[in-house]
Amino acid sequence: DLDTEVILIDLKEKNEEDDVKNVEKEAIVVADRIKELLDSKYMVYDNKEEKLRCIKQSDIAILLRSMSNSSYFIETIKNSKWNLPIRTCCWFLLI
């Protein structure tokens, strides 16, 4: 059983940080959700071990619709309060 998650972000909603780019808002939400998954010890299926195990950072990939704002996304996640390590590979990001 595979789970798919969709998170909707109201980018029109204004707050005290109106100058924050939408892509940064998206990255913050993504970083928060990744941290939640890691902290909750979310279970994933390990194909090699053929059993469930706790999620690891290396299980997570972030797919972007375009690379035009990827640098903002990368820097926001790197500098988030969670300080998540991030690497880029080709056209996608790896946590």
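The rules behind these values
- Residues numbered from 1 in each chain as written.
- Predicted model: local features only at pLDDT ≥ 70, side-chain atom pairs only at ≥ 80, totals over all residues.
- Heavy atoms only, no water.
- Salt bridge = Lys/Arg side-chain N within 4 Å of Asp/Glu carboxyl O.
- Helix = DSSP H or I, 4+ residues; strand = E, 2+ residues; numbered from the N terminus.
- Buried < 20%, exposed > 50% of the residue type's maximum accessible area, 1.4 Å probe, protein only.
- Pairing = 2+ DSSP bridges.
- Patch = residues over 30% accessible without salt bridge, like charges linked within 9 Å, V, L, I, M, F, W, Y side chains within 5 Å.
- Areas by Shrake-Rupley, 256 points an atom, 1.4 Å probe, with all protein chains shown as cover.
- 1 Å grid on protein atoms, 1.4 Å probe; cavity = no way out; pocket = protein on both sides within 12 Å on 5 of 7 lines; lining within 4 Å.
- Points joined across faces, edges and corners; volume = space filled by probe spheres on them.
- Nonpolar A, V, L, I, M, F, W, Y, C, P; charged D, E, K, R; others polar.

### So, the pattern of salt bridges
Under the defined criterion, the tally for this structure stands at 5 salt bridges. One salt bridge in this structure joins Glu36 and Arg33, with 3.0 Å as the shortest N-O distance. A residue pair is termed a helical-turn pair when its members lie 3 or 4 positions apart in one helix, as Glu36 and Arg33 do in helix H1 (residues 22-39) at 3 residues. The partly exposed category is assigned to Glu36, whose relative accessible area is 46%. The salt bridge partner of Arg53 is Asp59, with a shortest N-O separation of 2.8 Å. The exposure class assigned to Asp59 is partly exposed, which follows from its relative accessible area of 32%. Among the ionic contacts, a cluster of salt bridges with common partners joins Glu5, Arg33 and Glu36.

### Comments concerning the environment of Ile60
Relative to the helices and strands, Ile60 is located in the loop between strand E2 (51-54) and strand E3 (61-62). Owing to a relative accessible area of 11%, Ile60 belongs among the buried residues under this scheme. Each C-alpha atom of the pair Ile60 and Leu37 lies 9.9 Å from the other, and the pair is 23 residues apart in sequence.

### Some thoughts on the pairing of E2
Two strands pair when backbone bridges link them, and strand E1 (residues 43-46) and E2 are joined in this way by 4 bridges, in the antiparallel orientation. The residue of E2 that forms the bridge with Val44 is Arg53. In this structure, the hairpin formed by E1 and E2 is closed by a connection of 4 residues, where Glu50 is found at a positive phi of approximately 55°.

### Brief notes about a nonpolar patch on the surface
On the surface, Met43, Tyr45 and Leu52 cluster together to form a nonpolar patch covering roughly 320 Å² of accessible area. Take Tyr45: it is sitting in strand E1.

### Quick look at the layout of surface pockets
By volume, the largest pocket is sized at about 1,200 Å³. Considering the residues around the largest pocket, the lining is formed by 34 residues, among which Glu5, Leu37, Ile60, Ala61 and Ile62 are closest to the centre. The set of elements that each furnish at least two residues to the lining of the largest pocket consists of H1, E1, E3 and helix H2 (70-78). When residues in the lining of the largest pocket are grouped by element, the largest group, 8 residues, is from H1. Classifying every residue of the lining of the largest pocket gives 21 nonpolar, 6 polar and 7 charged.

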